[in-house]
Amino acid sequence: MSLVDTIKKTAVPIHKAGWPFIAAFFIVAVIIGWIWDPLFYLGLLLTGWCAYFFRDPERVTRINPDWVVSPADGVVSAIGPAVPPEELDLGEEPRTRISVFMDVFSVHVNRAPVAGKIIRQVHKPGKFLNADLDKASTENERNGFVFETSHGPVAAVQIAGLVARRILSWKSAGDEIEQGERFGLIRFGSRLDIYLPNDVTPNVAIGQNAIAGETVIAHFSGADVSIEPTTRTD
């Protein structure tokens, strides 16, 4: 096997949304390197970090309609009742919310927590508060998806943070989506809120690390957690 083939086999894929930023970082590194040589190496380091930020590794999702998988890599920052943002049209009653906070070193590609049809997708302009704050759920810029499932509607909300200024999504209302399938990306630190029916049992704890598409964060009432699920790699 050649060196090039080895690199291709072992390197983590980079999402296409990241290449313009990686190229920009490298060009800046070259320009500032003309001014002072050591600045080039600093710029090269930042270029490497940018490539690392936009990594998009494959994930193996255990598919089970009674399970909810994490839509994001990061730390579980909140578990408890909360009223969904009004634009989701899920009513004013609190639902079980699980929040996953992504720092600038997390994989930022987001994946569907459940399978189903997207019945609503709403972008809401807002502030850029620290995404770890509870009020970021209702005050920050965000992009919400509502999935139709056999257990009722499930929502996932991409929330911009203090550094994140751009939410990307490539799914919209009317689309069918598989559990663990990619649906969006947030640039440079942020958070995902998942709003679930109240008959779910959380399967994670605050402070626990979650992996998008792989970590089972909750299961619905009556789920037989002993059943071996099917898997998909993507």
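Reading guide: rules and limits
- Residues numbered from 1 in each chain as written.
- Predicted model: local features only at pLDDT ≥ 70, side-chain atom pairs only at ≥ 80, totals over all residues.
- Heavy atoms only, no water.
- Salt bridge = Lys/Arg side-chain N within 4 Å of Asp/Glu carboxyl O.
- Helix = DSSP H or I, 4+ residues; strand = E, 2+ residues; numbered from the N terminus.
- Buried < 20%, exposed > 50% of the residue type's maximum accessible area, 1.4 Å probe, protein only.
- Axes fitted to C-alpha atoms, helices over the stretch in contact; angles between N-to-C directions.
- Parallel < 35°, antiparallel > 145°, perpendicular 65-115°, else oblique.
- Contact = heavy atoms within 4.5 Å.
- Nonpolar A, V, L, I, M, F, W, Y, C, P; charged D, E, K, R; others polar.
- Pairing = 2+ DSSP bridges.
- Patch = residues over 30% accessible without salt bridge, like charges linked within 9 Å, V, L, I, M, F, W, Y side chains within 5 Å.
- Areas by Shrake-Rupley, 256 points an atom, 1.4 Å probe, with all protein chains shown as cover.
- Expected span 1.5 Å × (residues − 1).
- pLDDT = per-residue confidence, 0-100.
- Polar contact = N/O pair within 3.5 Å; in protein donor to acceptor, adjacent residues only side chain to side chain.
- Core = buried A, V, L, I, M, F, W, Y, C linked by side-chain atoms within 4.5 Å.

Q: Requested: an account of the pattern of salt bridges, with residues and values cited.
A: On inspection of all chains with the given rule, the structure shows seven salt bridges. Of the charged contacts, one joins Asp56 and Arg182 as a salt bridge, the two residues approaching to 3.0 Å between their closest N and O atoms. One end of the pair, Asp56, is in the loop between helix 3 (37–53) and strand 1 (60–63); the other, Arg182, is in strand 11 (residues 182–186), and 126 residues separate them in sequence. The exposure class assigned to Asp56 is buried, which follows from its relative accessible area of 9%. Overall, the relative accessible area of 17% leaves Arg182 in the buried class. In this structure, Asp89 and Arg120 form a salt bridge, with 3.7 Å as the shortest nitrogen-oxygen distance. With Asp89 in the loop between strand 3 (74–82) and strand 4 (95–102) and Arg120 in strand 6 (residues 116–124), this residue pair connects regions lying 31 residues apart in the sequence.

Q: Can you lay out the packing of helix 2 (residues 19–35) against helix 3 for me, pointing to particular residues and giving the numbers?
A: Relative to each other, helix 2 and helix 3 sit at 170°, their axes nearing to 6 Å. In this view, helix 2 runs roughly antiparallel relative to helix 3, as classed from their interaxial angle. Contact residues: helix 2 offers Phe21, Ile22, Phe25, Phe26, Ala29, Val30, Ile32, Gly33 and Ile35, while helix 3 offers Asp37, Leu39, Phe40, Gly43, Leu44, Leu46, Thr47, Trp49, Cys50 and Ala51. In the contact of helix 2 with helix 3, the residues fall into 15 nonpolar, three polar and one charged.

Q: Describe the sheet that holds strand 3, and please don't skip the residues or the numbers.
A: Strand order in the open sheet formed by eight strands is 10-6-7-8-12-4-3-14, and the pairing between neighbours is antiparallel. Looking at the sheet topology across the chains shown, the edges are occupied by strand 10 (176–177) and strand 14 (209–210). Of the pairings in the sheet, the one linking strand 3 to strand 4 comprises seven bridges and is antiparallel in character. Residue pairing in the sheet places Gly80 in a bridge with Arg97 of strand 4.

Q: A description of a nonpolar patch on the surface should follow, citing residues and the corresponding values.
A: A cluster of nonpolar side chains, contributed by Phe26, Tyr41 and Leu44, occupies part of the molecular surface with about 320 Å² of accessible area. Within the element layout of this structure, Tyr41 appears in helix 3. What makes Tyr41 exposed here is its relative accessible area of 57%.

Q: A description of helix 3 should follow, citing residues and the corresponding values.
A: A rise of 1.5 Å per residue sets the reference length of helix 3, with its 17 residues, at 24 Å; its end C-alpha atoms lie 25 Å apart and thus fit the reference within 8%. Buried residues along helix 3 sit against helix 2 and strand 11.

Q: Before we move on, can you summarise the confidence of the model for the protein with the specific residues and values?
A: Averaged over all residues, the pLDDT of the protein equals 86, while 88% of them reach at least 70. Segment residues 1–10: pLDDT under 50, and two contacts once partners within four positions in sequence are set aside and those in other chains are kept.

Q: I'd like a description of the sheet that holds strand 13 (residues 200–202), backed by residues and values.
A: Judged by pairing direction, the sheet is antiparallel, and its three strands sit side by side in the order 2-15-13 without closing on themselves. The strands lining the two open edges of the sheet, one partner per strand, are strand 2 (67–69) and strand 13. On average, each strand axis in the sheet is inclined to that of its neighbour by 25°, with strand direction left out of account. Here strand 2 pairs with strand 15 (residues 216–220) via three bridges, running antiparallel. Across the sheet, Trp67 pairs through a bridge with His219, a residue of strand 15.

Q: Outline the side chain of Thr47, supporting the account with residue identities and numerical values.
A: With respect to the element layout, Thr47 can be found in helix 3. Overall, the relative accessible area of 9% leaves Thr47 in the buried class. Of the polar contacts made by the side chain of Thr47, one reaches the backbone oxygen of Phe25; its length is 3.4 Å. With residues near it in sequence (within four places) discarded, Thr47 still touches Ile22, Phe25, Phe26 and Ala29.

Q: Give me the nonpolar core: which residues, what numbers.
A: Grouped together as the largest cluster of nonpolar side chains are 27 residues, with contacts concentrated most on Val68 and Leu196. Of all the secondary-structure elements, those providing two or more residues to this core are strand 4, strand 7 (142–149), strand 8 (152–160), strand 11, strand 12 (190–196) and strand 15. Those residues in contact with Leu196 that sit more than four places away from it in its chain are Val68, Arg95, Thr96, Ile98, Val154 and Ala218. Core analysis: the next-biggest nonpolar cluster, separate from the first, contains eleven residues, Cys50, Ala51, Val107 and Leu168 among them.

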